[in-house]
Amino acid sequence: MKEIVKVKLENEMDLILAHKRAMKLCELTGFSLINQTSIATAVSEIARCAIEHGQNAILLLGIESGVTKKFLKASIRDTIDFTQRAGEACSYAKRLVDDIEIVRSGKDIQINLKQQLNFGGTITDSKIESFIGYFKNEPPLSAYDELRRKNLLLQDLAEKIRDSENDYRILTDSLPLMMFSVNNRGVITYTNKWLQDFLGTVPKELNSNAWQNFLHPSDYSAFGKEITASVQRQSPFNGQYRFKEKATGNFIWHMFSAIPLKNEKEIVTRWIGFIVDISAQKQVDQTLKDNKELKEIQDQLFNNQEELQRKVVELNRSNYELEQFAHLASHDLQEPLRKLFFYSDVLKRKFSDKIDEAGVGILNNMTAAAGRMKELINDLLSYSQLQKQQIVFEDVDLNDTISDIIKDLDLTIKEKNAVVKFAEMPNVRGNPLRLRQLFINLISNSLKYSKKDVAPQIEITSETDGGNYYIRVKDNGIGFEEQYSERIFGLFERLHTRNEFPGTGIGLSICKRIAELHQGKISATSKVGEYSIFSIELPVVGKKETVEAD
Amino acid sequence: MENNYEILVVDDDREDHLILSEYFRDIGIENRVHYVENGKYALEYMEKIALDNKLPRLVILDLNMPIMNGTQTLLHMKQSFRLKNVPVIIFSTSENETEKRKCLSLGAVDYLVKPVSYNEGLLMVNKFRSFLE
């Protein structure tokens, strides 16, 4: 049915309107006056019944198009069933119109009256539009009619607003961000679905619990301060805070914005707010920051490495120069010294008849002094060579090494009445010459620093823990004070005067250096007047074939 | 006269030339010895006299010398077709074992550390003389 005019049926006044409109539409559609009266009467009868027994009854007048014919149609509808009390009215109306039907649907019940149009072909769509226009602009039939019309208009508007509001609600609910509005008393009046789902709360709860429950503990105080300040200033507010997601319990970074809405008098009437997920952006920011820091650290590292490289090169050069110097100095020092020996010998030999006994004594002292210098130079030379040379490693049986040393020192051992004992020694990876030098220095020291009237007892033992060999050279000599146990390995360190014990103060430095070249260690303990123990630690497996001494 | 030199002493130390020449005089062979100051001169000298097929019967070679040192000289001699069979005795202040082994492996017949006493020197000079017999 094409609707033309609508009348709300509430009271007697409406009945008059219903009758008059029905009359008018019949007139417009070309019914005779008799027909107009009949139809309007039938409509009035049913409408009266609806007013009396119904609740929200309305009358709709319109044109219905059949297959070939057109009808004027009056439809009286209500949400409650008024038809049971309308039997009499219906039978009366039946006599006045072509057709009457009762239709029940889910939402309402209708009594429809139909009368075929005499000149159906002339009632075109545009004609119908003109009828609609007529009723819309029809001068009010009465003060009541005017009121009624205004009322209808208002209801229409309200319906439209509801629809529009509904649209907006659907829109805000489907947006992937949290929205809310707050009235000027600070009460939250609206929250969208996203907010309710995310925070797991409804406006009422949000008001009573405030925001504390939904914000990260360390963000809350800043949030509170900012929002108070913003409310006082009555100006918009933005901030980044972590909000707790109800579903996961995780805190997620959001941008919180609140905007005050003002009326025409510039007074804030309410606030609207948005909370947008910015965790992705935060992550990007953090990653960028991390990358930047990483880059800085890398640069720093690179600089440090360059610096280190430069230092290493410098150190190597300086070491090399030092070695060259030590080597050349000792070599070039040897030369004049040798001549000194040679000439004093020639002097004694060839000119013995011209030099008296005192002169020979002086010559001997001179040769002895030169001898000490030669010893010093030789020790220095071998120490500087230890720094320099690439040493070749092979399997060394320390049993052989120590036996050989004992043989070589045989004369001194006999002289001092000494006893040198050694237990089963291990096979190690090392340089045989250097290891020999190490042990010969230690054993010679033990023989040298023996007590005057006690025969030296030297014991060499070996232990292992699987990772290292621990070789100990123990004697019953004069010992030294514990406080010197580190210092004695320093270059030129001496604990005695030359008159007591001759020496250069280089021997133990050489031992230390040799132990280090074998990735090992050397240390000493002692008790004055009782013993000294020198412990050498050597790795069980030396993997490298050769070692570049640094 | 030049062609009669049978021992070539290569040493930058003039004092050692004097000491050696004293010894050589003592044993009466001072006229059969020629002295040069470094390896370069030694090689030049030997290449020259080699043309007359008059190579020295012994070269006494110091190690530490300017311009061309002892090891370089030895290496050159051993690589030279004409000089490779001339015996070389190293005569050096250095007691370094590594240096000694290196020289012997390069083909020196002996390695002597310069003497610190008259008798030591005398033994060495007698060894030198044995190459002339």
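Starting afresh in each chain, residues are numbered from 1 along the sequence in its written order. All chains are assigned letters beginning with A, and all ligands numbers beginning with 1, in the order in which they are written. Residue-level local features of this predicted model are given only where pLDDT is at least 70; pairs of side-chain atoms are given and counted only at 80 or more, and the full residue set underlies all totals for whole chains, interfaces and linings. Hydrogens and water are ignored here; the side-chain numbers use all heavy atoms of the structure.

J.: Sorry if this is basic, but what is going on with a nonpolar patch on the surface here?
T.: Residue and element names in this part refer to chain A. Nonpolar side chains (Val, Leu, Ile, Met, Phe, Trp, Tyr) are joined into patches within 5 Å and like charges within 9 Å, using only residues with over 30% relative accessible area and no salt bridge. In short, Shrake-Rupley with a 1.4 Å probe defines the accessible areas, and a residue's cover is counted only from the protein chains shown. Salt bridges are defined as contacts in which a side-chain nitrogen from Lys or Arg sits within 4 Å of a carboxyl oxygen from Asp or Glu. A cluster of nonpolar side chains, Leu376, Leu380, Leu491 and Phe492, forms an exposed patch at the surface whose accessible area comes to about 300 Å². Numbering of helices and strands runs from the N terminus; a helix is a DSSP stretch of H or I covering at least four residues, while a strand is a stretch of E covering at least two. Mapped onto the elements of the fold, Leu491 is located in the loop between β16 (468-475) and α14 (507-517). Classification of Leu491 by relative accessible area gives partly exposed; the value is 35%. Any residue under 20% of the maximum accessible area for its type is buried, any over 50% is exposed, and the rest in between are partly exposed; the area is computed with a 1.4 Å probe on protein chains only.

J.: Sorry if this is basic, but what is going on with α14 of chain A here?
T.: Helical geometry note: an α-helix holds 3.6 residues per turn, so side chains three or four residues apart project in the same direction. Most of α14 of chain A is tucked away, with eight of its eleven residues classed as buried. In the segment just after α14 of chain A, Gln519 of chain A is the residue with positive phi, at about 55°.

J.: Mind showing me how you'd approach the confidence of the model for chain B here?
T.: Close inspection of predicted coordinates is inappropriate for parts of the model with low pLDDT. One confidence number per residue, pLDDT, is output by the predictor and ranges from 0 to 100. Per-residue confidence for chain B gives a mean pLDDT of 89; residues scoring 70 or more make up 97%. Mean pLDDT in chain B bottoms out at helix α2 (residues 39-50) of chain B, which sits at 89, and peaks at strand β3 (residues 58-61) of chain B, which reaches 95.

J.: Please clarify how the UniProt feature "domain: Response regulatory" (unreviewed entry) in chain B should be interpreted in this entry.
T.: UniProt positions are given in the numbering used here, feature names are shortened, and annotations may be inferred rather than shown by experiment. Taken from the UniProt record, the annotation "domain: Response regulatory" (unreviewed entry) applies to residues 6-129 of chain B. As annotated, residues 6-129 of chain B has a helix share of 46% and a strand share of 17%, and its two end C-alpha atoms lie 10 Å apart.

J.: What exactly am I supposed to notice about the sheet that holds strand β4 (residues 88-92) of chain B here?
T.: Strand pairing in a sheet is mediated by backbone hydrogen bonds. Such pairs are either parallel or antiparallel. Residue and element names in this part refer to chain B. At least two DSSP bridges between two strands are needed for those strands to be called paired. Pairing is parallel in the open sheet, where five strands are placed in the order β2-β1-β3-β4-β5. Both edges of this open sheet fall to β2 (33-36) and β5 (110-113), since each of them pairs with a single strand only. Recorded for the sheet is a direction-independent mean angle of 20° between the axes of neighbouring strands. Relative to β5, β4 runs parallel, the two being bridged by four bridges. Bridging across to β5, Ile90 finds its partner in Tyr111. The contact definition used throughout considers only heavy atoms, calling two residues in contact when any of these lie within 4.5 Å. Note on geometry: axes are C-alpha line fits, over the in-contact stretch for helices, and angles between N-to-C directions span 0 to 180 degrees. Along the sheet face, helix α4 (residues 97-106) touches β4 and β5 and points at about 150° away from the line of β5. Strands in contact with helix α5 (residues 118-130) are β1 (7-10), β3, β4 and β5; relative to β5, the strand with the most contacts, it is inclined by about 155°.

J.: It is not clear to me how the pairing of strand β6 (residues 178-183) of chain A should be interpreted in this structure. Could you clarify?
T.: Each regular strand displays side chains that alternate between the two surfaces of the sheet. All names here are of chain A. Along β6, six of the six residues are buried, which leaves the element largely enclosed by surrounding structure. Burial along β6 is two-sided: Met178, Phe180 and Val182 and Met179, Ser181 and Asn183, pointing in opposite directions, are all buried. Bridge count between β6 and strand β10 (residues 268-277): six bridges; the pairing is antiparallel. Each residue of the ladder has a partner; that of Asn183, found in β10, is Arg270. In the sheet, β6 pairs with strand β7 (residues 188-191) via three bridges, with the strands oriented antiparallel. Bridging across to β7, Val182 finds its partner in Ile188. What sits between β6 and β7 in their antiparallel hairpin is a turn of four residues, with Gly186 showing a positive phi close to 85°.

J.: I tried to follow the interface of chain A and chain B on my own but got confused; where do I start?
T.: It is common to give the size of an interface as the accessible area that goes away when the parts come together. Chain A puts 17 residues into the contact, and the matching count from chain B is 20 residues. Carbon and sulfur atoms supply 50% of the area that chain A and chain B bury against each other, a total of about 1700 Å² over both sides. When residues of chain A are sorted by the area they lose upon contact with chain B, His331, Arg338 and Phe342 of chain A head the list and together hold 35% of the total. Lys350 of chain A is the salt-bridge partner of Asp26 of chain B, the closest N and O atoms lying 3.7 Å from each other. Polar contacts here mean pairs of N or O atoms no more than 3.5 Å apart (in protein, one a potential hydrogen donor and the other a potential acceptor; neighbouring residues in sequence count only if both atoms are side-chain atoms). Put simply, chain A and chain B have eight residue pairs in polar contact (both at pLDDT 80 or more) between them. Listed by contribution, the elements that provide at least two residues to the side of chain A that touches chain B are α9 (279-350) and α10 (357-388) of chain A. Examining the composition of the side of chain A that touches chain B, we find that twelve residues originate from one element, α9 of chain A, more than from any other. Three categories are distinguished: nonpolar for Ala, Val, Leu, Ile, Met, Phe, Trp, Tyr, Cys and Pro, charged for Asp, Glu, Lys and Arg, and polar for the others, with Gly belonging to the last. Looking at side-chain class alone, the side of chain A that touches chain B contains five nonpolar, five polar and seven charged residues. By buried area we mean the combined loss of accessible area, with a 1.4 Å probe, across both parts when two parts are placed together.

J.: Would you mind showing me how to read the packing of helix α1 (residues 12-28) of chain A against helix α4 (residues 125-137) of chain A here?
T.: All names here are of chain A. Packing of α1 against α4 brings their axes to within 11 Å, and their N-to-C directions diverge by 145°. Our pair here, α1 against α4, has a crossing hand that is right-handed. Residues Arg21, Lys24, Leu25 and Leu28 of α1 form the contact with α4, whose participating residues are Phe131, Tyr134 and Phe135. Residue composition of the contact of α1 with α4, grouped by class: five nonpolar, no polar and two charged. Crossing handedness follows the turn of the near helix against the far one: under a right angle anticlockwise gives a left-handed crossing, and clockwise gives a right-handed one.

J.: Would you mind going over the UniProt feature "coiled-coil region" (unreviewed entry) in chain A with me for this structure?
T.: Residues and elements named next belong to chain A. With numbering matched to this structure, UniProt assigns "coiled-coil region" (unreviewed entry) to residues 147-174 and 291-318. Secondary structure over residues 147-174 splits into 100% helix and 0% strand, and the C-alpha atoms at its two ends are 40 Å apart. Counted over residues 291-318, helix gives 100% and strand 0%. Its end C-alpha atoms are 39 Å apart.

J.: Mind showing me how you'd approach the sheet that holds strand β3 (residues 70-78) of chain A here?
T.: Residues and elements named next belong to chain A. The sheet built from five strands is open, its strands ordered β1-β2-β3-β5-β4 with antiparallel pairing. The open sheet has two edge strands with one neighbour each: β1 (2-8) and β4 (99-104). Averaged over all pairs of adjacent strands, the angle between their axes in this sheet comes to 20°, without regard to strand direction. As defined by bridge partners, β3 adjoins strand β5 (residues 109-116) across eight bridges and the pair is classed as antiparallel. Within β5, the residue paired with Lys73 across the bridge is Lys114. Across the sheet, α1 is in contact with β1, β2 (58-65) and β3; its angle to β1 comes to roughly 155°.

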